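Listed here are the chains, written in short residue letters.
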Amino acid sequence: MDDTEFHRIKRLPPYVFAEVNAMKAKARAAGQDVIDLGMGNPDLPTPPHIVAKLAEVAGNPDTHGYSNSRGIPGLRKAQARYYARRFAVELDPESEIIVTIGSKEGLANLAQAITSPGDIILVPNPSYPIHPYGFIIAGGSIRHIPVPGQTTIDEFMPALDRAVRHSVPKPLALVLNYPSNPTAQVVDLEFYRPVVDYCRKAGIWILSDLAYAEIYFDDVPPPSILQIPGARDIAVEFTSMSKTYSMAGWRIGFAAGNRRLIQALTRIKSYLDYGAFTPVQVAAVAAIDGPQDCVAEARATYKERRDVLIEGMKGAGWDIPSPPASMFAWAPLPAAFAELGSLAFSKLLLTQANVAVSPGIGFGEYGDHHVRIAMVENKHRIRQAIRNIRAVLADPDKAIDLYQSGLGDNITRLKARA
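Attention here is on the structure that accompanies the text. These numbers come from a predicted model, not from an experiment.

For the protein, the helix and strand inventory stands at 15 helices and 12 strands. In terms of overall dimensions, the protein is globule-like: its C-alpha atoms have a radius of gyration of 22 Å, near the 22 Å expected for 418 residues. With 418 residues in all, the protein has 56% of them scored as buried. The long-range fraction of contacts in the protein, counting pairs at least 24 apart against all pairs at least 6 apart in sequence, stands at 75%. Of the side chains in the protein, 44 bear a positive and 43 a negative charge, and the two mean positions are spaced by 2 Å.

As structure tokens, this is what we get:
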């Protein structure tokens, strides 16, 4: 039976990353040493004190039953303390915070809670796939706001206004994501001020994804939209433990802000889940309230990797803007390979350099001139990736010929032809 006959499945395009993932799996099965800079899966270990708390609490059988779908009170209170400490924002843990099974789940379920068929959602393009597709799955329609790279508020506001004026019906919500995945763009607090003012007047909800709040490199912590006066009238913000504490597989995140949106998410989650495993939630409290030197160390590690990547690629002939935050570099296709597009270029790097990256087209059509490089391998592996890619960039015509002829199955063949 063909699953494309199902209504919601039919609304989803082919998963672009699946092609690269299948090629990556095939290469590894053949014994090739693939350096995976594609998926944003943190490779740093979860700090020991967090793991120890999980083990301690899991040893108590009283914690093995169902939890609470909106999160245990202690964790919601810990998140309120984090917002007060980090952003000077006071939140009510009873009505303005909910624990989610990762920020991705929270955003997708909020989309289910608030979206009616045909509702229009404004989403930056390129963007993290759940931002548009969470609403598409919920029956909404997407209107894209092009933000291919560093976009100033003077550029963003006219684009937002055009999207609103030319949308019928009026848009339901706007999604924001800074620091951005995939572009790594950051904004300051003044960026949010006119956006909040505009959306309040227009009656448009704002959903802010702040998953990379603590992965920044320029000593300027990214702000929260909830710092803007009046933002909580229309805005909810999603954060995550995944990157900050290298807890990606633990699946703990939060939504905070507007009471109506938090109530809607709480209501729908009460039908869908019983929350995360209680020992995981208690360990998350230990992470938020415990020593934060582990966060600073992770930040320093990603910064070192960034510097190795950017300087090394520059030496190899590939100029990539240095990301000010996140664990990604948003890399424009080298000029000699630009006509290939991001998917073909990603396949070329995989087959000829044994390096996996994410094609920009997977984040939206405005991303097709870029690839996303995740800094999830150690410095030695990143340097090896640079050496492999240097061999490809040294002779673009030969590399493209090998790719198009189907012969460029690894870096060894390219070197043999050199």
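From this point on, the discussion continues.
Within the largest apolar cluster, 79 residues are counted, with the highest numbers of intra-cluster contacts made by Phe156, Leu160, Leu174 and Val195. Sequence-distant contacts of Leu160, that is, excluding residues within four places in its chain, are made with Leu122, Ile145, Leu174, Val195 and Tyr198. Within the second largest apolar cluster, 41 residues are counted, among which are Ala298, Phe337, Ala353 and Ile400.

So, about the pattern of salt bridges. With the rule as written, the count across this model stands at 22 salt bridges. We note a salt bridge from Glu94 to Arg70, for which the minimum N-O separation is 3.0 Å. One end of the pair, Glu94, is in the loop between α4 (73-87) and β2 (97-100); the other, Arg70, is in the loop between α3 (48-58) and α4, and 24 residues separate them in sequence. For Glu94, a relative accessible area of 43% puts it in the partly exposed group. By relative accessible area, Arg70 is classed as partly exposed at 23%. Here the residues in one salt-bridge network are Asp33, Glu377 and Arg381, joined through shared partners.

A sheet is described by the order of its strands in space; here seven strands give the open sequence β2-β8-β7-β6-β5-β3-β4, paired in mixed fashion. The open sheet is flanked by β2 and β4 (141-146), the only strands paired with a single partner. Strand after strand, the sheet turns through a mean of 20° between neighbouring axes, direction not considered. The pairing of strand β6 (residues 205-209) with strand β7 (residues 235-240) spans four bridges and is classified as parallel. Across the sheet, residue Ser208 finds its bridge partner in β7, namely Glu237.

Quick look at the packing of helix α12 (residues 342-353) against helix α13 (residues 379-393) now. Following both chains from N to C, one finds α12 and α13 inclined at 110°, their axes separated by 10 Å at the closest point. Classified by the angle their axes make, α12 and α13 are roughly perpendicular. Here Leu348, Leu349, Gln352 and Ala353 of α12 lie close against α13, whose contacting residues are Asn388, Ile389 and Val392. Counted by class, the contact of α12 with α13 contains five nonpolar, two polar and no charged residues.

We now examine the pairing of β6. Summarising burial for β6: five of the five residues are buried, a large majority. By the alternation rule, side chains of β6 split into Trp205, Leu207 and Asp209 and Ile206 and Ser208, which are all buried. With five bridges joining them, strand β5 (residues 173-177) and β6 adopt parallel strand pairing. Bridge pairing links Asn177 to Asp209 in β6. The parallel pair β5 and β6, bridged by helix α8 (residues 189-202), forms a crossover whose chirality is right-handed.

Relative to each other, helix α5 (residues 103-114) and helix α9 (residues 259-272) sit at 100°, their axes nearing to 9 Å. Classified by the angle their axes make, α5 and α9 are roughly perpendicular. Between α5 and α9, the residues in contact are Glu105, Gly106, Asn109, Leu110, Gln112, Ala113 and Ile114 and Leu261, Ala264, Leu265, Ile268, Lys269 and Leu272, respectively. For the contact of α5 with α9, the class distribution of residues is eight nonpolar, three polar and two charged.

Definitions and cut-offs
- Residues numbered from 1 in each chain as written.
- Predicted model: local features only at pLDDT ≥ 70, side-chain atom pairs only at ≥ 80, totals over all residues.
- Heavy atoms only, no water.
- Helix = DSSP H or I, 4+ residues; strand = E, 2+ residues; numbered from the N terminus.
- Rg over C-alpha atoms; globule rule 2.2 N^0.38 Å.
- Buried < 20%, exposed > 50% of the residue type's maximum accessible area, 1.4 Å probe, protein only.
- Contact = heavy atoms within 4.5 Å.
- Lys, Arg positive; Asp, Glu negative; His and termini not counted.
- Charge placed at Lys NZ, Arg CZ, Asp CG, Glu CD.
- Core = buried A, V, L, I, M, F, W, Y, C linked by side-chain atoms within 4.5 Å.
- Salt bridge = Lys/Arg side-chain N within 4 Å of Asp/Glu carboxyl O.
- Pairing = 2+ DSSP bridges.
- Axes fitted to C-alpha atoms, helices over the stretch in contact; angles between N-to-C directions.
- Parallel < 35°, antiparallel > 145°, perpendicular 65-115°, else oblique.
- Nonpolar A, V, L, I, M, F, W, Y, C, P; charged D, E, K, R; others polar.
- Right-handed = clockwise from strand over helix to strand, strands pointing away.

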